[in-house]
Amino acid sequence: MKVLALRVSRSPRAARALPGAGPPRRRSRRALRRGLTALAGAALLAPLVLAAPVAGADGERGGTRADGERGGTRADGERGGVRADGRGAARAGTGGYSVTPLKFTVPAGGRNCTVDADLYRPTGVDRAHPAPAVLATNGFGGNKSDVPTAALGKAVAARGYVGLVYSGLGFGASGCLISLDDPEIDGRAASGLLDFLAGARAADDGTVADYVTRDGRDDPRVGMLGASYGGAVQLATAAVDHRVDALVPLITWHDLAYSLAPNSAVEPPGARREVPGAAKWQWIRGFHLTGEGQPLVAPSLDPTRLNGPECLHFVTQACTAFRTLTSGHYPAAESRRVLDFVRSVSPVSYLPKVRAPTLLVQGQADTLFNLNEAAATYRTLKRQGTPAKMIWQAWGHSRGMDAPPAGELDLGDGTLATSYVGRRVLAWFERYLRHDRRADTGPDFAYHRDWIDDPARAYATAPAVPAPTRSLYLSGDGRLVDRPGDVVPGSRAYRNLSTPTSHSESSLAGLIGLPDPPPYDTADTYLSWTTAPLTAPLDVVGAPRARLRVRSPATERVQGSGDAADRLVLFAKLYDVAPNGARTLVRRLVAPVRVPDVREAFTLTLPGTVHRYDTGHRLQFVIAASDAAYIGNRGVKPVTVTNGRGDPGELRLPVAP
């Protein structure tokens, strides 16, 4: 998706970037950056994740591939598109397609919303030779004409699928408010487009699609494909309309409460102490700015996109959530309302209604929607019997979107068959849209290994994500040791300051090509535990867990406060320490924890990673008092950690066999 970011300062009053769905074009990015730099005194305003539109909001269209080769057939008859191998026009396409702009008026959330779409119809597909369809939409801040979004329509049409690519509600030339992929709003709007693909209704200009394969009356055979904001809407649609036959959501969320204000503490069942964690103020402000700044990128807005002076273009609950999470104040009742809302628009709340076979693709380089999100969705789908498989690719919102590693999926180039992930997507649609039982949909779980240079060998597979079974123990002398008996009893302390003293990432930097300072921690504001040099490579695949006990008298005095902001916040993370002492924060990922009760031991889950700690390297576990990308502690809260043989603290690693 395309997103915009405003960076004013390094405080929680500044803003940062947003989720996106694919690699941007540098040329478009620079042009938009020049045009919006003056907004609100911002130092920078630029597209982050997806490219700027190929043309204006009205979308000059044609069948031009991303590499410039002509293909397909425009509505005006000009040739364009990509030739594809196949068994007849309706099977894999003849290589040509037409593109027709359409408008739809659909009911959604109690309102009638205009949806702006492009219909990609493969040559040779007609009522006598129908084909399955693929529905796709943009990432946050984008529209149907974004390079990666339009490329999806071209790619599926070239493979013989009818493509319907639309601008999500509140973006491009589509109407209504931005509602964060609410199933009852965004999902219902997409359901109205399924009616069109079923031949049960016409577009606003009378166009009818009577050439989509059907499984029954008013039941088109349809898959969905898209990333980030265009990924979650697939699950939202499948939850309210079971006519969807296959889903491929990329780099999207499971629970926006975890995405935007993660609390990595593992609460025991029934504890009922759930509160917001540490807010990702840069990401949140970026979301807010991108939505509220729509008139700058989409002039002459549909009146249905206007809300009120305090919340211009979002549903009111979204603005309330953004303001509350970045306020640093979390009274119980208000926090509960916010958490309830962001969960209501998240798959965590409606996955039991999703029955469509789902291929989840998540990015390792992603500080917005990390691997734990896809893993949680995957576990839920598998547990309830929904067919599901999962791939952990290399790039995500934080790194690699504009230049994916060799052999990785590139959404902007308009092809799928040239990458491992792309071929898995095609096989998924072959199996569930063309009902080809010979199609190999691949292993249940696959993951990219960045230490393998050969793209053909970069992916490894496993029947499931490894569980954290390798234990290391926290010694009082700062070592990570293999046995509890090797623990040296001892206590160490750190304290936070009034300003952040640790840096993991600038959420904006990696997405628009700005340099990001290396991660660092300031002396006396963190504690670390480090292994001896490894005698063999250690491949960590999955989400590590840690069990800790901390003392913080300043926090104990306000532990019973009705405001969760008074609780202790700390940031856990893993470094790879090279033989020369250089430290690498793996994927720049951290695990914020709002400690449930400093009088009790607690367990935390770190973000999932795929990382090789090589021979001679050391693994270092760190807890820090702050992080500049997050809103942390209220006031200064000194912390002491005591490790002893009876209760040393433990780090458990998921190790690949």
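This text goes with the structure placed above it.
Parameters at a glance
- Residues numbered from 1 in each chain as written.
- Predicted model: local features only at pLDDT ≥ 70, side-chain atom pairs only at ≥ 80, totals over all residues.
- Heavy atoms only, no water.
- Buried < 20%, exposed > 50% of the residue type's maximum accessible area, 1.4 Å probe, protein only.
- Helix = DSSP H or I, 4+ residues; strand = E, 2+ residues; numbered from the N terminus.
- Pairing = 2+ DSSP bridges.
- Expected span 1.5 Å × (residues − 1).
- Polar contact = N/O pair within 3.5 Å; in protein donor to acceptor, adjacent residues only side chain to side chain.
- Phe/Tyr/Trp six-rings, centres within 6.5 Å; stacked < 30°, edge-to-face > 60°.
- Disulfide = S-S within 2.5 Å.
- Axes fitted to C-alpha atoms, helices over the stretch in contact; angles between N-to-C directions.
- Parallel < 35°, antiparallel > 145°, perpendicular 65-115°, else oblique.
- Left-handed = near helix turned anticlockwise from the far one by under 90°.
- Contact = heavy atoms within 4.5 Å.
- Nonpolar A, V, L, I, M, F, W, Y, C, P; charged D, E, K, R; others polar.

Of all the six residues making up strand S10 (residues 222–227), six are buried; the element is thus mostly covered by neighbouring parts of the structure. Bridge analysis of strand S6 (residues 133–137) against S10 gives four bridges, and the strand direction is parallel. Of the residues in S10, the one forming a bridge with Ala133 is Val222. Of the pairings in the sheet, the one linking S10 to strand S11 (residues 244–250) comprises six bridges and is parallel in character. Directly across from Val222, in S11, lies its bridge partner Val244.

The subject of this paragraph is helix H4 (residues 183–197). Over its 15 residues, H4 runs 19 Å from end to end, which matches the ideal 21 Å to within 8%, given 1.5 Å per residue. Most of H4 sits out of view: twelve of its 15 residues are buried. Pro183, Ile185, Asp186, Gly187, Ala189, Ala190, Ser191, Gly192, Leu193, Leu194, Phe196 and Leu197 are the residues of H4 that are buried. The N-terminus of H4 is capped by Asp182, whose side-chain oxygen sits 2.9 Å from the backbone nitrogen of Glu184. Gly199 sits one or two residues past H4 and shows a positive phi near 80°.

Here we take up the environment of Arg383. For Arg383, the location among the structural elements is in helix H12 (residues 371–383). Taking the relative accessible area as the measure of exposure, Arg383 reaches 64% and is therefore exposed. C-alpha separation for the pair Arg383 and Pro352, spaced 31 residues apart in sequence, amounts to 9.8 Å.

Considering all chains together, one arrives at 18 aromatic pairs under this definition. Each ring, one from Phe140 and one from Tyr229, has its centre 5.2 Å from the other, and the planes form 85°; the classification is edge-to-face. Of this pair, Phe140 sits in the loop between S6 and helix H3 (147–158) while Tyr229 sits in helix H5 (residues 229–240), and the two are 89 residues apart along the sequence. With relative accessibility at 0%, the residue Phe140 sits in the buried group. A ring pair is formed by Trp253 and Phe369, whose centres lie 5.4 Å apart and whose planes are at 50°; its orientation type is tilted. With Trp253 in the loop between S11 and helix H6 (256–260) and Phe369 in the loop between strand S13 (358–365) and H12, this pair connects stretches of sequence that are 116 residues apart.

Let us look at the state of the cysteines. On inspection of all chains with the given rule, the structure shows two disulfides. Covalent S-S linkage joins Cys113 and Cys176, the inter-sulfur distance amounting to 2.0 Å. A torsion of -95° about the S-S bond marks the disulfide between Cys113 and Cys176 as left-handed. On the criterion of sequence distance, the pair formed by Cys113 in strand S5 (residues 111–122) and Cys176 in the loop between strand S7 (162–166) and H4 is long-range, its members being 63 residues apart. Accessibility expressed as a relative area gives 1% for Cys113, which makes it buried. Classification of Cys176 as buried rests on a relative accessible area of 3%.

Looking now at the packing of helix H9 (residues 316–325) against helix H10 (residues 332–344). Orientation of H9 relative to H10, taken along the N-to-C sense of each, is 125°, at an axis distance of 10 Å. The angle between H9 and H10 places the two elements in the oblique class. By crossing handedness, the relation of H9 to H10 is classed as left-handed. Within the contact between the two elements, H9 uses Gln317, Ala318, Thr320, Ala321, Thr324 and Leu325 and H10 uses Glu334, Val338, Phe341 and Val342. Counted by class, the contact of H9 with H10 contains six nonpolar, three polar and one charged residues.

Let us look at H12. Over its 13 residues, H12 runs 18 Å from end to end, which matches the ideal 18 Å to within 8%, given 1.5 Å per residue. Most of H12 sits out of view: ten of its 13 residues are buried. The complete set of buried residues in H12 reads Leu371, Asn372, Glu373, Ala374, Ala375, Ala376, Thr377, Tyr378, Thr380 and Leu381. In the core, the buried residues of H12 are packed alongside H6, S13, strand S14 (388–395), strand S29 (602–605) and strand S30 (609–613). Two or three places before Asn372, at the start of H12, stands the capping residue Asn370, its side-chain oxygen 2.9 Å from that residue's backbone nitrogen. Directly beyond the C-terminal end of H12, a positive phi value near 90° is found at Gly385.

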